[in-house]
Amino acid sequence: MNLHRAMHLSGTFINPIISVLLQKGFSEITNELVGKSLHAFCIKNFVRLSIFHTNTLISLYSKHGKTEAARHLFDEMPQRNEATWNTIISALVRVSLHSSAFLLFTQMRAQGFNTSGFVIASLLTGCTDSLIMLHEGFQIHGLITKNGLSHNVYAGTALLNFYSTYGFHSNAHSLFDNMPEKNVVSWTSLMVGYSNNGNRMEVINLYNKMKQENVKCNQNTFTTVITSLEDKPFSLLQVLVDVIKCGFEHDVSVSNSLISMFGNSGNIQSARYVFDEMPTRDTISWNSMISAFSRNHSCEDSFHCFKCMRDVHKDLDPITLSALLSVCVSMENILYGAAVHGLVQKLGFGLNLPLCNTLLCFYSESGKLNDMVKLFEEMDNKDSISWNTLISGYTQEGESFNAFKVFVKMLQRQITPNHVTFASALSACSNRKFLKEARIVHALVFISGFHKNLIVGNALVTMYGKQKKMWKAKKVFKRMPEKDLVTWNTLIGGYAECEEPNETIEVFNFMRKEKEPANYITLIQVLSSCVTQNHGKMLHGYVIISGFDSDDYVKNSLITMYGKCNDLDSSTRVFDQFVNKDYVSWNAMLAANAHNHGEEVLKRFNEMKKTGIRLDHFTLSSALSAASNLSALEEGQQIHGLTFKHGFDSNQYVTTAITDMYGKCGEINDVTKMLPEGRIRPLVLWNILISSYARQGLFLEAIEAFHEMVKLGFKPDHVTFVSLLSACSHGGLVDEGLEYYSIMTKKFGVDVGIEHCVCIIDLLGRSGKLLEAESFIKKMPVPPNEFVWRSLLAACRIHGNLELGKQAVKHLLESNPLDDSAFVLYSNVCASTKKWEYVQDIRSEMEFSNVKKKPACSWIKIKRNVSSFAIGDKSHPNSDKIYAKLYEIRKMIKESGYVADTMFSLQDIDEEQKEDHLWKHSERLALAYGLICTSDSSDLQIFKNLRVCGDCHEVFKFVSAIVKRKIVLRDPFRFHHFRDGKCSCGDYW
């Protein structure tokens with residue numbers, strides 16, 4: 001029975017839907033339920049549908065995702081035509097059943113049906129979408145040629161899209177050029193291919209050529225072109241005019257692409273304008289606006305937009321939530337991200353794999369390892385992205401061992417690693433403790449065939465650079481079949497990070513010889529490695545010749561480089577060349593002056609404030625660091641106040657710098673006030689606390705803080721042990737210091753560094769264990785440097801060991817023949833053992849070599865005025881009063897039992913002259929001036945650029961007892977708090 005007769009016999013009223021069904025089949029029916037009802041009617045009344053009606057019913061079911069029902073209809077059909085085969089093949093491709101589609105296509109051809117452009121286009125779409133059917137796509141291309149379909153616009157366009165997607169852009173362009181008939185879809189397909197490959201200029205060139213040939217653009221053309229115009233404002237203006245001419249100014253997809261483009265380029269105002277002017281918006285519109293806010297780190301605006309979306313537009317999808325998560329990775333916004341995770345569960349998106357991967361990425365980038373691992377374990381389905389994210393998350397948080405365990409587990413589960421997996425695993429092996437694991441992963445790279453992959457090769461070079469094995473990095477580099485700019489920059493950056501300036505410049509010169517164009521990153525890395533003016537000036541010349549002298553990033557690096565070479569005049573000249581100085585330029589100038597020019601940093605900081613340029617966390621941290629190094633408490637407090645004004649009072653970097661400033665200024669109470677509760681205190685703040693206690697002579701408190709930190713589950717690092725060992729050294733805690741050094745690597749896995757060794761030598765040397773110190777140097781796991789020998793030489797001065805001192809000074813002068821401190825310390829060793837002829841020889845050698853001794857200097861700040869004094873200084877306006885006060889002090893303390901220790905007067909003169917010489921020391925002049933100019937109830941704080949001498953230390957103790965005042969003396973190593981005749985150091989410093 002046919003359909004029309006069945007309707008008549010059943011008495012069914014022929015309504016408009018039935019009328020359309022009779023004439024056009026199921027093709028005009030959009031409601032799935034209506035279609036099912038009509039199909040049920042046909043089955044109930046034994047109606048045999050025609051081939052045409054069955055074809056349209058197959059199409060209806062496939063459009064609504066009912067592929068099994070569509071396939072059942074197809075299989076039950078007694079007769080089929082070409083349209084039947086085309087429809088079911090297209091349906092299978094739509095749901096990614098590509099293999100089944102190809103099998104049916106083979107059967108179709110075996111039954112003698114013609115191969116049309118429509119079915120070819122469907123199959124090629126399947127090959128393109130699968131991303132793994134390259135060979136099948138080549139076969140289809142051969143079939144197109146064999147069947148004379150090369151000129152079919154549908155087949156040609158699909159083939160064009162296939163080659164573009166697989167990255168065969170030259171093939172795609174050649175195919176496009178040979179197409180006799182091109183339509184807007186063909187042009188757009190080629191543009192999309194170039195756009196996906198990041199070749200924006202080619203997209204714009206094709207668009208201009210398309211206009212010249214008077215091909216009318218559609219909305220897909222405009223969306224593709226617009227996404228390629230992020231940094232080309234003039235071209236964008238032209239395209240916008242074309243959009244309006246073609247009547248697409250209110251098209252939703254075009255507007256969405258404009259929002260995304262403006263968001264990517266940081267132009268939020270324009271993105272918001274386009275969004276606000278849209279007459280209608282879809283889910284993608286809202287997602288694009290949320291993403292625009294997210295890319296520009298505007299969390300509050302992102303969530304406000306999301307709230308508005310939920311109020312007026314009920315449809316949101318996993319992409320909406322993914323966009324929100326991308327802005328929640330900072331410490332301030334973690335709670336928002338957790339809320340989004342809750343919404344994912346509430347809305348039933350918990351099984352959406354891409355969204356779950358985005359959540360993993362959010363927890364990874366936020367440093368929430370426990371939450372990341374918990375989510376990963378709860379996921380029913382995982383792909384390589386999930387595993388890669390977990391490995392990367394562990395690596396970013398320094399959990400290299402766990403990252404490697406996940407990598408091994410992934411291999412055990414027989415999940416095939418890709419180039420991203422290996423790049424992440426290699427990054428996890430960058431720690432020098434994982435040399436064995438690095439070799440294993442490198443071997444697996446070869447076995448898996450990824451040794452020729454560019455990204456993996458770059459990761460190998462990076463890993464060996466981080467492990468300080470630059471010879472291996474260079475070996476990998478030489479064997480790489482393909483190198484890009486990232487490869488060269490990675491090798492150069494490795495040498496720069498390993499502080500190998502000659503090799504850095506050698507690779508840079510080789511790069512130029514190979515005609516590989518440098519970029520600003522290359523030059524920044526090479527400039528960062530410069531330690532001499534000669535290299536720096538030659539590179540500056542190259543910067544000018546290559547045209548990078550107008551690049552602000554490079555100019556900022558030049559400023560910093562010259563500052564590191566102590567050429568502040570050149571730094572200033574580069575800085576003055578800026579037409580418009582922004583906060584980055586000012587920050588570079590602050591960094592240039594940070595090397596022993598703290599006063600200049602504070603001066604520049606005040607100039608920067610006056611210009612009205614915004615201060616950022618780096619600016620404030622640099623100024624606070626300068627105040628720390630100068631122990632300029634008042635200036636530090638003023639900068640602390642500015643952090644509130646500029647909204648950085650809760651910034652982790654700034655609060656760390658503030659805490660460090662108070663510690664270095666001797667304000668231990670302010671340090672403890674700044675610290676958060678122990679369980680949430682970052683490791684860097686624990687380190688500052690331990691260091692501050694050590695500097696103040698509170699050695700037991702420093703040790704107690706260390707044990708509290710460990711008890712709370714924090715893992716001490718390199719810096720922790722430097723501070724702890726320093727506390728033991730200055731406190732005379734020899735056994736404790738040696739014990740901490742022993743467990744540092746065994747228990748806590750901290751590699752021995754040169755700084756730790758210097759502390760141990762200082763520890764043994766101060767306590768008189770010079771032979772043990774000498775033996776320790778011979779067994780050190782790292783080569784001794786100038787600090788090691790200087791520490792040993794200082795110990796020889798204290799204990800008068802001339803022979804060992806002679807060995808130490810020999811090593812010092814071998815590394816730097818003009819080291820003034822080496823001459824002075826050895827001269828003091830000779831003087832303390834009364835070898836005056838040696839002292840004279842040393843002074844003659846210094847004079848011959850033009851080595852100048854760093855002069856001792858002390859200063860005191862009273863009512864914002866700093867007064868400085870050199871030894872025997874009489875240049876101060878109140879010099880007469882100062883020396884009169886000194887005479888008074890000398891008399892008072894002698895009456896209280898003071899006896900001068902002339903051993904600290906390193907002159908070959910009689911005892912009385914030696915004592916007179918001691919009373920000309922700069923710290924005593926500063927003390928006398930402070931007592932003259934301050935009230936009897938106030939504390940005194942005096943600073944000295946060199947270590948305080950032992951006799952001056954005794955004088956300060958006596959004075960503190962007599963005048964009943966607290967006196968603080970800070971030398972380069974620590975604070976001495978004098979009160980009631982005692983010092984915080986316990987006479988051990």
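Report follows, based on the coordinates. As the structure is a computational prediction, the values presented were derived from the model and not from experiment. (Residues numbered from 1 in each chain as written. Predicted model: local features only at pLDDT ≥ 70, side-chain atom pairs only at ≥ 80, totals over all residues. Heavy atoms only, no water.)

Brief notes about the overall build of the protein
Now for step 1: Of the regular secondary structure elements, the protein holds 55 helices and six strands.
Now for step 2: For the protein, whose C-alpha radius of gyration is 38 Å, the value lies well above the compact-globule estimate of 30 Å for 989 residues.
Now for step 3: If one aligns the C-alpha atoms of the protein with their principal axes, the spans along those axes are about 135 × 55 × 55 Å.
Now for step 4: Per-residue burial over the protein gives 49% buried out of 989 residues.
Now for step 5: As presented, the protein carries roughly 49,100 Å² of accessible surface, and 52% of it is formed by carbon and sulfur atoms. (Helix = DSSP H or I, 4+ residues; strand = E, 2+ residues; numbered from the N terminus. Rg over C-alpha atoms; globule rule 2.2 N^0.38 Å. Buried < 20%, exposed > 50% of the residue type's maximum accessible area, 1.4 Å probe, protein only. Areas by Shrake-Rupley, 256 points an atom, 1.4 Å probe, with all protein chains shown as cover.)

Thoughts on the side chain of Thr-395
Now for step 1: For Thr-395, the location among the structural elements is in helix α24 (residues 384–396).
Now for step 2: Dropping the residues within four chain positions of it, Thr-395 is found in contact with Ala-403, Ser-424, Ser-427 and Ala-428. (Contact = heavy atoms within 4.5 Å.)

Concerning the nonpolar core
Now for step 1: Ranked by internal contacts, the top residues of the largest apolar core, which has 258 residues, are Ile-89, Phe-105, Ile-120, Phe-222, Leu-321 and Leu-792.
Now for step 2: Examining the composition of this core, we find that eight residues originate from one element, helix α50 (residues 820–832), more than from any other.
Now for step 3: Other than its neighbours up to four places away in sequence, Leu-792 contacts Ile-761, Ala-773, Ile-777, Leu-804 and Ala-808.
Now for step 4: Within the second largest apolar cluster, 29 residues are counted, among which are Ile-893, Ala-900, Val-955 and Val-959. (Core = buried A, V, L, I, M, F, W, Y, C linked by side-chain atoms within 4.5 Å.)

Digging into the pattern of salt bridges
Now for step 1: Scanning all chains against the criterion turns up 23 salt bridges.
Now for step 2: The salt bridge involving Glu-506 is made with Lys-474; its shortest N-O contact spans 4.0 Å. One end of the pair, Glu-506, is in helix α31 (residues 501–513); the other, Lys-474, is in helix α29 (residues 470–479), with 32 residues separating them in the sequence.
Now for step 3: Taking the relative accessible area as the measure of exposure, Lys-474 reaches 28% and is therefore partly exposed. (Salt bridge = Lys/Arg side-chain N within 4 Å of Asp/Glu carboxyl O.)

Let's talk about helix α39 (residues 633–645)
Now for step 1: In this model, α39 (13 residues) spans 19 Å end to end at C-alpha, consistent with the 18 Å of a helix rising 1.5 Å per residue.
Now for step 2: Among the structural elements, α37 (598–611), α38 (617–630), α40 (652–664) and α41 (668–674) are those in contact with the buried residues of α39.
Now for step 3: Following α39 by one or two positions, Gly-647 has its phi on the positive side, about 75°. (Expected span 1.5 Å × (residues − 1).)

Notes on the packing of aromatic side chains
Now for step 1: What the rule picks out here adds up to 29 aromatic pairs.
Now for step 2: Arranged with centres 4.9 Å apart and planes meeting at 80°, the rings of Phe-275 and Trp-286 form a pair that is edge-to-face. With Phe-275 in helix α17 (residues 268–277) and Trp-286 in helix α18 (residues 283–295), this pair connects stretches of sequence that are eleven residues apart. Like Trp-286, Phe-275 is buried.
Now for step 3: A ring pair is formed by Phe-404 and Phe-407, whose centres lie 6.1 Å apart and whose planes are at 45°; its orientation type is tilted. Here Phe-404 pairs with Phe-407, and both are found in helix α25 (residues 400–412), just three residues apart, close to one helical turn. Just as Phe-404 is buried, Phe-407 falls in that class too.
Now for step 4: We note Lys-874 situated over the ring of Tyr-883; from NZ or CZ to the ring centre the distance is 5.4 Å.
Now for step 5: Seen from the ring of Trp-919, Arg-924 lies directly overhead, with NZ or CZ sitting 4.6 Å from the centre. (Phe/Tyr/Trp six-rings, centres within 6.5 Å; stacked < 30°, edge-to-face > 60°. Lys NZ or Arg CZ within 6 Å of the ring centre and 35° of its normal.)

Some remarks on the packing of helix α12 (residues 184–196) against helix α13 (residues 200–212)
When two helices pack together, their arrangement is given by the angle between their axes and by how far apart the axes lie.
Now for step 1: In the contact formed by α12 and α13, the axes pass within 8 Å of each other and the chain directions differ by 165°. Relative to α13, the element α12 lies roughly antiparallel. Pair α12 / α13 crosses with right-handed handedness. Each of Val-184, Trp-187, Leu-190, Met-191, Tyr-194 and Ser-195 in α12 lies in contact with α13, whose residues at this interface are Glu-202, Val-203, Leu-206, Tyr-207, Lys-209 and Met-210.
Now for step 2: For the contact of α12 with α13, a count of residues per class yields nine nonpolar, one polar and two charged. (Axes fitted to C-alpha atoms, helices over the stretch in contact; angles between N-to-C directions. Parallel < 35°, antiparallel > 145°, perpendicular 65-115°, else oblique. Left-handed = near helix turned anticlockwise from the far one by under 90°. Nonpolar A, V, L, I, M, F, W, Y, C, P; charged D, E, K, R; others polar.)

Side note on the sheet that holds strand β3 (residues 940–944)
Now for step 1: Strands sit in the order β2-β1-β3-β4-β5-β6 across an open sheet of six strands; the sheet is mixed. At either end of the open sheet lies a strand with only one pairing partner, and these are β2 (865–870) and β6 (982–983).
Now for step 2: Pairing of β3 with strand β4 (residues 967–970) involves four bridges; the strand directions are parallel. Note on β4: the bridge partner recorded for Phe-943 is Arg-970. (Pairing = 2+ DSSP bridges.)

Some thoughts on helix α4 (residues 51–63)
Now for step 1: Counted at 1.5 Å a residue, the expected span for α4 with its 13 residues is 18 Å, and the 18 Å between its end C-alpha atoms agrees.
Now for step 2: Among the 13 residues of α4, ten are classified as buried, and the element is accordingly described as predominantly covered.
Now for step 3: Listed in full, the buried residues belonging to α4 are His-53, Thr-54, Asn-55, Thr-56, Leu-57, Ile-58, Ser-59, Leu-60, Tyr-61 and Ser-62.

Concerning a positive patch on the surface
Now for step 1: A contiguous patch of positive charge on the surface is contributed by Lys-382, Lys-405, Lys-409 and Arg-413.
Now for step 2: Locating Arg-413 in the fold gives a position in the loop between α25 and α26 (419–428). (Patch = residues over 30% accessible without salt bridge, like charges linked within 9 Å, V, L, I, M, F, W, Y side chains within 5 Å. Lys, Arg positive; Asp, Glu negative; His and termini not counted. Charge placed at Lys NZ, Arg CZ, Asp CG, Glu CD.)

Things to note about the side chain of Asn-357
Now for step 1: As for its placement among the helices and strands, Asn-357 is situated in helix α22 (residues 353–365).
Now for step 2: Its relative accessible area of 7% is what places Asn-357 among the buried residues.

Quick notes on the pairing of β3
Now for step 1: Counting buried positions along β3 gives four out of five residues, so the element sits mostly inside the fold.
Now for step 2: Sheet topology places strand β1 (residues 857–862) next to β3; three bridges connect them, and they run antiparallel. What sits directly across from Ser-858, in β3, is Lys-944.
Now for step 3: In the classification by handedness, the crossover that spans β3, the intervening helix α55 (residues 950–963) and the parallel β4 is right-handed. (Right-handed = clockwise from strand over helix to strand, strands pointing away.)

Here's the deal with the packing of helix α45 (residues 734–746) against helix α46 (residues 754–766)
Now for step 1: Running from N to C, α45 and α46 point in directions that differ by 160°, and their axes come no closer than 10 Å. Classed by the angle they form, the pair α45 and α46 counts as roughly antiparallel. Between α45 and α46 the crossing geometry is left-handed. Along the contact surface, α45 presents Val-734, Gly-737, Leu-738, Tyr-741 and Met-744, while α46 presents His-756, Cys-757, Ile-760, Leu-763 and Leu-764.

Looking at a negative patch on the surface
Now for step 1: A surface patch of negative charge is lined by Glu-677, Glu-701, Glu-704 and Glu-708.
Now for step 2: Relative to the assigned elements, Glu-677 resides in the loop between α41 and α42 (683–695).

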